[in-house]
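Reading the structure
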Amino acid sequence: DVVKYLSKGAALLEEARKGEKPMIIFCSSRDGTEITARRLKRKMKGREIYFYHAGLSREEKKRTEELFFRSADGILVATCAYGMGVDKSNIRTVIHADIPSSAEAYLQESGRGGRDRKQAYAVALVPWFQNPENESDPRRRELMAIFSGNTCRRKALLHILEAENQLCSGCDICDGKK
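Predicted model, so just to flag it, every value in this text is computed and none were measured.

Some words on the overall build of the protein chain
When its secondary structure is counted, the protein chain shows 6 helices and 6 strands. Starting at the N terminus and ending at the C terminus, the protein chain contains elements arranged as β-α-β-α-β-α-β-β-α-β-α-α. Seen through its principal axes, the protein chain has C-alpha atoms that stretch 40 × 35 × 30 Å. Sorting the 178 residues of the protein chain into buried and exposed places 44% on the buried side.

Quick look at the structure:
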């Protein structure tokens, strides 16, 4: 897990360019997926970049899934609608362009990466000015506190989920990258 505090557009483009592919970028809205996919296509010419959300027709979803499944280095910009029964095992990078609603949502979405048991990366783009105390939803406030804090992200996430603590396998805090 890595947390970036750059402006959203610049950080997203940077991570999309350098991150290992195939890649999923999660956005919180349908419009956000389409806008983000179009911007990335403009900036990253020649890349296979798709968007996916619940508002697409069944045929559009199926076509997008097939294109992304066949792609060895594609980028899918999606809402949480992607992944319900869909399993592309070789996702190398999962980026959260928007902060999810809870730790459970974050873990479920970031868990789309590395299902083939190879190294995968999760990146959360957090606005540098966002203060966890300003969040009205307590579950989201908890997650924001993890992203803005200075303790092991794995340990903090497991604590929220009341799960048994495990050794960190490389968050930005434990790796000294924050």
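Resuming the write-up.
Describing the packing of aromatic side chains
Per the counting criterion, the structure on display carries 1 aromatic pair. Ring geometry for Tyr 106 and Phe 147: centres 5.2 Å apart, planes at 75°, overall edge-to-face. Taken together, the positions of Tyr 106 in helix 4 (residues 103–110) and Phe 147 in helix 5 (residues 138–148) put the pair 41 residues apart, joining distant regions of the chain. Both residues of the pair, Tyr 106 and Phe 147, belong to the buried class. Seen from the ring of Phe 69, Lys 88 lies directly overhead, with NZ or CZ sitting 5.9 Å from the centre.

Focus on the state of the cysteines
The full count for this structure, using the stated rule, is 0 disulfides. For Cys 152, which is in no disulfide, the shortest distance to another cysteine sulfur is to Cys 174 and amounts to 3.6 Å. Exposure remark for Cys 152: the relative accessible area of 16% places this residue in the buried category. Cysteine Cys 168 shares no disulfide, and the gap to the nearest cysteine sulfur, in Cys 174, comes to 3.7 Å. For Cys 168, a relative accessible area of 27% gives the class partly exposed.

Some details on helix 5
The periodicity of an α-helix, 3.6 residues per turn, causes residues three or four places apart in sequence to face the same way. For helix 5, the complete set of buried residues consists of Leu 143, Met 144, Ile 146 and Phe 147. Here the buried residues of helix 5 occupy an arc of 155° about the axis, which is enough to place them on one side.

With respect to the nonpolar core
Core analysis: the biggest nonpolar cluster contains 17 residues, and Ile 25, Leu 40, Ile 75 and Val 77 have the highest contact counts within it. Residue assignment for this core shows that the elements contributing at least two residues are helix 1 (8–18), strand 2 (23–26), helix 2 (30–43), strand 4 (75–78) and strand 6 (121–125). Excluding residues within four positions of it along the chain, Ile 75 makes contact with Ala 16, Lys 21, Met 23, Ile 25, Met 44, Arg 47, Glu 48, Ile 49, Tyr 50 and Phe 68. Membership of the second largest hydrophobic core comes to 13 residues, among which are Ala 122, Ala 124, Leu 143 and Ile 160.

Examining the packing of helix 5 against helix 6 (residues 153–160)
Helices that pack against each other are described as a pair by the angle of their axes relative to one another and the distance between those axes. Where helix 5 meets helix 6, the axes come as close as 9 Å, and the angle between the chain directions of the two elements is 165°. When the axes of helix 5 and helix 6 are compared, the pair comes out roughly antiparallel. Every pair of crossing elements has a handedness; the one defined by helix 5 and helix 6 is right-handed. In this structure, helix 5 uses Glu 142, Leu 143, Ile 146, Phe 147 and Ser 148 to contact helix 6, whose residues at the interface are Arg 153, Ala 156, Leu 157 and Ile 160. For the contact of helix 5 with helix 6, the residue count by class is 6 nonpolar, 1 polar and 2 charged.

Re unusual backbone geometry
Working note: non-glycine residues mostly have negative phi, and peptide bonds are mostly trans. Look at the link from Lys 21 to Pro 22: it is a cis peptide, with omega at -5°. Positive phi values are uncommon outside glycine, yet Arg 117 reaches one of about 70°. Position of Arg 117 among the secondary structure elements: in the loop between helix 4 and strand 6. Given the relative accessible area of 81%, Arg 117 is considered exposed. Even without being a glycine, Glu 162 presents a positive backbone phi close to 55°. Mapped onto the fold, Glu 162 is located in the segment after helix 6. Given a relative accessible area of 77%, Glu 162 falls into the exposed group.

What counts, and where the lines are drawn
Residues numbered from 1 in each chain as written. Predicted model: local features only at pLDDT ≥ 70, side-chain atom pairs only at ≥ 80, totals over all residues. Heavy atoms only, no water. Helix = DSSP H or I, 4+ residues; strand = E, 2+ residues; numbered from the N terminus. Buried < 20%, exposed > 50% of the residue type's maximum accessible area, 1.4 Å probe, protein only. Phe/Tyr/Trp six-rings, centres within 6.5 Å; stacked < 30°, edge-to-face > 60°. Lys NZ or Arg CZ within 6 Å of the ring centre and 35° of its normal. Disulfide = S-S within 2.5 Å. Arc of directions from axis to C-beta. Core = buried A, V, L, I, M, F, W, Y, C linked by side-chain atoms within 4.5 Å. Contact = heavy atoms within 4.5 Å. Axes fitted to C-alpha atoms, helices over the stretch in contact; angles between N-to-C directions. Parallel < 35°, antiparallel > 145°, perpendicular 65-115°, else oblique. Left-handed = near helix turned anticlockwise from the far one by under 90°. Nonpolar A, V, L, I, M, F, W, Y, C, P; charged D, E, K, R; others polar.

Just distances and angles here, no functional claims.
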